[in-house]
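Working through the structure, step by step
Single-letter residue listing:
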Amino acid sequence: MITQESLFDPVPEAPDRQKSPAEGLGDLRRMSLECRQCRLAETRNSVVFGEGNPEARLFVIGEAPGAEEDAQGRPFVGRSGQLLDKILLAIGFERKDVYIGNIIKCRPPQNRNPLADEIDCCKPWLMQQLEIINPKVLLLLGRVAANTMLANTQSMGSMRGKLIGWNGFDCFVTYHPAALLRNPNWKRLCWEDVQLLRAHYDKVCPNG
Ligand code: URA
């Protein structure tokens, strides 16, 4: 929601190419902490900018911070995050190897789904993170992240289990860890998805 007052809020600018990815992300993070472009600024405790390797080849994208993430200002640190860590470890990645972010940076009250105008306000920050980090492979967790990034309305079943090209990035879609906690039967499918991702990653990023 852009209001008259928020017209002068910080908006992400094109990254300065003279700067390293770490410096560029630092600048962007500082700007994002001031953002009050949507109603979530009223209720958040933290802007959860994202974290990880500024030069990661794999960028993991979730939906939105939950209560624990809002309290700590870090992505995926609650129960879903513990499961995400295990999923990544299963394919040989530690958190420090990858970059982890979300479609929106502030927690929606009661963990409701992000609203379309909140996504519209927030997505430019994520797009700038993608531009600065310039990963090769994206792992999109859950339908909200996948539908938002791929600009479609497809089901999980039709997006998972395959490589999807989008804007030069190689995308893989799988179940959100929170969905896996509710439906452990889907863990096998997630396992297949991330194995596929790893095999592809080793092909396109042979130097790790
Ligand atoms: N769920 C998400 O989508 N992102 C987080 O950071 C935590 C939980």
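The paragraphs below set out a description of the structure included in this document. (Residues numbered from 1 in each chain as written. Predicted model: local features only at pLDDT ≥ 70, side-chain atom pairs only at ≥ 80, totals over all residues. Heavy atoms only, no water.)

1. Here's the deal with the packing of helix H4 (residues 79-90) against helix H9 (residues 187-204)
Contact geometry of H4 with H9 gives a least axis separation of 10 Å together with a crossing angle of 45°. Here H9 runs oblique to H4, going by the angle between their axes. The two elements H4 and H9 meet at a crossing, and its hand is right-handed. Residues Leu83, Ile87 and Ala90 of H4 lie in contact with H9, whose contacting residues are Lys187, Cys190, Trp191, Val194 and Gln195. Classifying every residue of the contact of H4 with H9 by side-chain character gives six nonpolar, one polar and one charged. (Axes fitted to C-alpha atoms, helices over the stretch in contact; angles between N-to-C directions. Helix = DSSP H or I, 4+ residues; strand = E, 2+ residues; numbered from the N terminus. Parallel < 35°, antiparallel > 145°, perpendicular 65-115°, else oblique. Left-handed = near helix turned anticlockwise from the far one by under 90°. Contact = heavy atoms within 4.5 Å. Nonpolar A, V, L, I, M, F, W, Y, C, P; charged D, E, K, R; others polar.)

2. So, the pattern of salt bridges
Side-chain pairing between opposite charges can occur once the charged atoms of the two side chains come close. As enumerated under the stated definition, the model contains 15 salt bridges in all. Close ionic contact of Asp117 with Arg39 constitutes a salt bridge, the shortest N to O distance being 2.8 Å. Within this pair, whereas Asp117 is found in helix H5 (residues 116-133), its partner Arg39 is found in the loop between helix H1 (21-32) and helix H2 (40-43), the two being separated by 78 residues in sequence. Accessibility expressed as a relative area gives 29% for Arg39, which makes it partly exposed. Its salt-bridge partner being Asp170, residue Lys136 comes within 3.9 Å of it at the nearest N-O pair. (Salt bridge = Lys/Arg side-chain N within 4 Å of Asp/Glu carboxyl O. Buried < 20%, exposed > 50% of the residue type's maximum accessible area, 1.4 Å probe, protein only.)

3. Description of the sheet that holds strand S4 (residues 137-141)
Sheet architecture is open: six strands sit in the order S1-S3-S2-S4-S6-S5, paired in mixed fashion. Each of the sheet's edge strands pairs with one partner strand only, and the pair in question is strand S1 (51-52) and strand S5 (164-166). The sheet contact formed by S4 and strand S6 (residues 169-174) spans five bridges and is parallel. From the neighbouring strand, Val137 faces S6, where its bridge partner is Asp170. Of the strands in this sheet, strand S2 (58-62), strand S3 (99-102), S4, S5 and S6 touch H5, which is tilted by about 170° from S2. Sheet strands touched by H9: S2, S4 and S6. Its angle to S6, the strand with the most contacts, is close to 165°. (Pairing = 2+ DSSP bridges.)

4. Some details on the site of the ligand
In the vicinity of the ligand, the residues found are Gly62, Glu63, Ala64, Glu69, Pro75, Phe76, Asn102 and His176. For the ligand, a nitrogen atom lies 3.0 Å from a polar atom in the backbone of Ala64. In terms of residue class, the shell around the ligand is built from three nonpolar, three polar and two charged. (Near = heavy atom within 4 Å. Polar contact = N/O pair within 3.5 Å; in protein donor to acceptor, adjacent residues only side chain to side chain.)

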